[in-house]
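Here is how the chains run, residue by residue.
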Amino acid sequence: MARYVAHRLLLLVPVLLGVAFVTFLTLHLTPGDPAQIMLGERATPEAVAALRERLGLDRPFATQFLRYLGRLATGDLGRSIQTNNEVLGELGLKFPATIELALFAMGVAIVLGVAAGALSASRPATLWDYLGTIGSTVGIAMPVFWLGLLLMLLFSALLGWLPFSGRLSPASDLQRVTHFYLLDSLLTGNLRAFGDSLRHLLLPGLTLATVPTAFIARMTRAALLEALGGEYIRTARAKGLSEPVVLLRHALRNALVPVLTITGLQFGTLLGGAVLTESIFAWPGLGRLTVDAIFARDYPLVQGCLLLFALTFVLLNLLTDLLYVRADPRIRYRPEPA
Amino acid sequence: MSRSTPRLWRRFRRNRGGVVGLLLLMALLAAAPLAPVLAPHGPADQDLLERLARPSPRHPLGTDDLGRDLLSRILYGARVSLLVGVVGVGIALSIGVPVGALAGFAGGRLDQLLMRAMDVLLSFPAFLLAVAIVGIAGPSLQNALLAIGVIGIPTYARLVRATVLVVKAEPYVEAAHALGAGTGRVLVRHVLPNCAGPLLVQATLGMGTAILEVAGLSFLGLGAQPPTPEWGAMLSSGRAWVLTAPWLLLWPGLAILLAVLGFTLVGDGLRDALASAQ
């Protein structure tokens, strides 16, 4: 296993180089001179020239890229044009908010998706099955930004049950430790803040969870139906095992690999969807930071966001692959002969 | 392919979801060219005395903050969405198919290089990459289409490459080569027919995704710009009036959902029909 992990990490190197290249390239997609665009029409030529030099835009393309890589290797992502703060610091402040939201949404999606899929598969061609199938089909096609607005209209504006936006009420006395607010409130024993942050998390979390829930439910149903047709299921039933035990201990275990695969793929949907969800619910995370940085033409910050999103996505995918080995002992990874 | 089309249709017809999807797509396909006939008003006509008007016989779905008829804007929006689906997938196909074919036929280092490049594209959460591309190239419908096209490339490239690798090993293709058929001829005569089904399914699903993604980009202010009647942009500007005119939120979102659902259901139906036709 350790060798496999090392091998996979090694394989990440060319991909990450490519990711860095794409991130680097985005700056060159600007129509015109990035320095001029960042500083605006009224900037003095001296200021533009100074920024060009600071960004290294006055050097040859290859040199620029190598310098960019060199800086990345030392963890230097440059400074934000707006605030002049280190990009790395800005990202660090927002990252926990996005991870908290994404993990919450993924948790919801796995629980609801597997439950709905199992319910459908255990009662094929019944009302429950039809409802599940229709629900997951609509969920996959759902524009989440619309759903978010409707949920906000219903639960915040009309019913007044849940807060409109943000991560905490302004009056909250939560002490920040890790910047994962659910965790912080538990660590400091502040149950009121825990409830408060959970209430804030609910609507954006459910919105973001919609599409992954639908995909997981669909895959769980299909994989379980296939597993339930197996000979060992007949054996298990013949042994007199109860139906829930057959379903959960025998069939679900064998349906786990396809479900894991689709779950891993949904991390992309989650991270991409975070951009929209965070914008709607004013969730102070990386997605909203990206959009704000784009409109402020703060390119170093945009590049930093893009890089961090890609890195997170790549590592989550690796994690999913490693989970396969745990889920199915028959899968044995060995490095391919080069 | 052509000889099996009636059989494909017979199998497709039995799929209830697919038929519902087809009806939705037909509605979209009809609304786009017929918008000038069906719409009670022009998409940009302002009736300043009837701003944020409730649904009425004059404005069946109400009006927006500039007094523009919502039904008319939604009907005209079908044109934008159809364009988005076709052009977005068109760009992805026209780059993805050659890349996949080249990688599959060439093999070796070129194959490695091209497919690693595809891996890199897949290393970004797709929608986020589109946001970044459009954000930097400049917000516009045109750039949004380009971005959606780019993020769709790897799917088609992988599909075509996989087919090439299978077909290349077939004895009849070796025979065709021996008879002097060039790579181009093998591609058109043997590879494309073998992946036409999966490509068709993928392209249909891809059009739904493209509509969803461009609506999302427009919602963020990065896609279609005012006064274009695009559904995502309409939702975004309707947000300001959520309490006074909730219909501004309801209808554009429903239009997006139904259009995407149409493509998804037809795509799934086609996949099932093709699978059972094997």
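Quick caveat, the model's predicted, so the values are computed rather than measured.

The rules behind the values
Residues numbered from 1 in each chain as written. Chains lettered and ligands numbered in written order. Predicted model: local features only at pLDDT ≥ 70, side-chain atom pairs only at ≥ 80, totals over all residues. Heavy atoms only, no water. Helix = DSSP H or I, 4+ residues; strand = E, 2+ residues; numbered from the N terminus. Buried < 20%, exposed > 50% of the residue type's maximum accessible area, 1.4 Å probe, protein only. Contact = heavy atoms within 4.5 Å. Areas by Shrake-Rupley, 256 points an atom, 1.4 Å probe, with all protein chains shown as cover. Lys, Arg positive; Asp, Glu negative; His and termini not counted. Charge placed at Lys NZ, Arg CZ, Asp CG, Glu CD. Phe/Tyr/Trp six-rings, centres within 6.5 Å; stacked < 30°, edge-to-face > 60°. Patch = residues over 30% accessible without salt bridge, like charges linked within 9 Å, V, L, I, M, F, W, Y side chains within 5 Å. Salt bridge = Lys/Arg side-chain N within 4 Å of Asp/Glu carboxyl O. pLDDT = per-residue confidence, 0-100. Expected span 1.5 Å × (residues − 1). Buried area = accessible area lost by both parts, 1.4 Å probe. Polar contact = N/O pair within 3.5 Å; in protein donor to acceptor, adjacent residues only side chain to side chain. Core = buried A, V, L, I, M, F, W, Y, C linked by side-chain atoms within 4.5 Å.

**Q** Is there a simple way to think about the overall build of chain B in this case?
**A** When you go through chain B residue by residue, the secondary structure sums to 10 helices and 0 strands. Ordered by position from the N terminus, the helices and strands of chain B form the series α-α-α-α-α-α-α-α-α-α. Judged by the C-alpha coordinates and their principal axes, chain B covers about 75 × 45 × 25 Å. Buried residues in chain B amount to 53% of all 278 residues. Within chain B, counting contacts between residues at least 6 apart in sequence, those at least 24 apart form 69% of the total. If you sum the accessible surface of chain B, you get close to 12,400 Å²; carbon and sulfur atoms cover 65% of it. In chain B, which carries 22 positive and 14 negative side-chain charges, the distance between the mean positions of the two groups comes to 10 Å.

**Q** Quick question: what am I supposed to make of the packing of aromatic side chains here?
**A** How two aromatic rings sit relative to each other is given by the distance of their centres and the angle of their planes. Counted by the stated rule, this structure contains 8 aromatic pairs over all chains. Taking 5.1 Å as the distance between ring centres and 80 degrees as the angle between the ring planes, the aromatic pair formed by A:Phe21 and A:Phe65 counts as edge-to-face. Residue A:Phe21 is located in helix α1 (residues 2–26), and its partner A:Phe65 is located in helix α4 (residues 61–73); the two are separated by 44 residues in the primary sequence. Accessibility expressed as a relative area gives 32% for A:Phe21, which makes it partly exposed. Residue class for A:Phe65 comes out buried when judged on its relative accessible area of 16%. With 6.1 Å between their ring centres and 25 degrees between their planes, B:Trp9 and B:Phe12 make a pair best called stacked. Of the two residues, B:Trp9 and B:Phe12 are both situated in helix α1 (residues 5–13); the distance of 3 residues between them amounts to about one turn of the helix. With a relative accessible area of 5%, B:Phe12 lands in the buried category. Put simply, the rings of A:Phe21, A:Phe24, A:Phe61, A:Phe65 and A:Tyr68 pair up and form one aromatic cluster.

**Q** Whenever I open this one, a positive patch on the surface confuses me. Can you help?
**A** All names here are of chain B. A surface patch of positive charge is lined by Arg-7, Arg-10, Arg-13 and Arg-14. Residue position: Arg-13 is located in helix α1. Classification of Arg-13 by relative accessible area gives partly exposed; the value is 48%.

**Q** Is there a simple way to explain the confidence of the model for chain B in this structure?
**A** Low-pLDDT portions of the prediction should not be read for the details of their coordinates. Chain-level pLDDT for chain B is 89 on average; 98% of the residues reach the 70-or-more range. Across the assembled chains, the prediction reports ipTM 0.89 with pTM 0.90.

**Q** Whenever I open this one, the environment of A:Val22 confuses me. Can you help?
**A** If you trace the backbone, A:Val22 turns up in helix α1. If we ignore the near neighbours within four places in the chain, the residues touching A:Val22 are B:Val120, B:Phe124 and B:Leu129.

**Q** Got a minute to help me understand helix α7 (residues 144–158) of chain A in this structure?
**A** Spacing of three or four residues puts side chains on the same side of an α-helix, whose turn is 3.6 residues. In a regular helix each residue adds 1.5 Å, so 15 residues correspond to 21 Å; α7(A) covers 20 Å between its end C-alpha atoms and thus fits that length. At the C-terminal side of α7(A), A:Gly160 shows a positive phi close to 70 degrees.

**Q** Sorry, what's going on with the interface of chain A and chain B here?
**A** Accessible area lost upon the coming together of the parts is a frequently used measure of interface size. Across the boundary between the two partners, chain A contributes 40 residues, which contact 38 residues of chain B. In total, about 3,500 Å² of surface goes out of reach between chain A and chain B, with carbon and sulfur atoms giving 83% of it. There are 1 salt bridge connecting chain A and chain B. In this structure, B:Asp268 and A:Arg218 form a salt bridge, with 2.5 Å as the shortest nitrogen-oxygen distance. The interface formed by chain A and chain B contains 2 residue pairs in polar contact (both at pLDDT 80 or more).

**Q** Got a minute to help me understand helix α6 (residues 127–141) of chain A in this structure?
**A** The terminal C-alpha atoms of α6(A) lie 21 Å apart, and with 15 residues this matches the ideal 21 Å at 1.5 Å per residue to within 8%. Taken as a whole, α6(A) has its buried residues at A:Asp129, A:Ser136, A:Thr137, A:Gly139, A:Ile140 and A:Ala141.

**Q** Which parts of the structure should I look at to understand the nonpolar core?
**A** Nonpolar side chains in soluble globular proteins tend to be buried together. All names here are of chain B. Core analysis: the largest hydrophobic core is formed by 141 residues, its most contacted members being Leu-217 and Trp-231. Counting residues per element, this core draws most heavily on helix α10 (residues 247–277), at 15 residues. The contact partners of Leu-217, leaving out residues within four places of it in the chain, are Phe-127, Ala-130, Val-131, Val-134, Ala-144, Ile-148, Leu-222 and Gly-223. Of all hydrophobic cores here, the second largest spans 17 residues; its members include Val-167, Val-186, Val-191 and Ala-203.

**Q** Help me understand the environment of B:Leu114 in this model?
**A** Of note, B:Leu114 is situated in helix α4 (residues 108–122). The contact partners of B:Leu114, leaving out residues within four places of it in the chain, are B:Val99, B:Leu102 and B:Ala103.

**Q** Please clarify how the pattern of salt bridges should be interpreted in this entry.
**A** It is possible for side chains of opposite charge to pair when their charged atoms get near one another. The full count for this structure, using the stated rule, is 14 salt bridges over all chains. Across the pair A:Arg167 and A:Glu100 runs a salt bridge whose closest N-O atoms are separated by 2.8 Å. Linking A:Arg167 in the loop between α7 and α8 (181–187) with A:Glu100 in helix α5 (residues 87–122), this pair joins segments that are 67 residues apart in sequence. With respect to class, A:Arg167 is no different from A:Glu100; both count as buried. Between B:Arg161 and B:Asp111 there is a salt bridge; the shortest N-O distance is 2.7 Å. You can see B:Arg161 sitting in helix α6 (residues 141–168) and its partner B:Asp111 sitting in helix α4, a full 50 residues away along the chain. You can call B:Asp111 buried: its relative accessible area is 9%.

**Q** For this particular structure, what's the right way to read a nonpolar patch on the surface?
**A** All names here are of chain A. Residues Leu-119, Leu-127, Trp-128 and Leu-131 make up a contiguous nonpolar surface patch of about 420 Å² in total accessible area. The element contributing the most residues to the nonpolar patch is α6, with 3 residues. When you line up the elements, Leu-127 lands in helix α6. By relative accessible area, which is 61% here, Leu-127 ends up exposed.

**Q** How should I be thinking about the side chain of A:Asp184 in this particular structure?
**A** Residues and elements named next belong to chain A. With respect to the helices and strands, Asp-184 occurs in helix α8. Among buried Asp, Glu, Lys and Arg side chains, Asp-184 stands out as unpaired, with Arg-176 the closest opposite charge at 6.1 Å. Filtering out sequence-adjacent residues up to four positions away, Asp-184 remains in contact with Leu-174, Gln-175, Arg-176, Val-177, Thr-178 and His-179.

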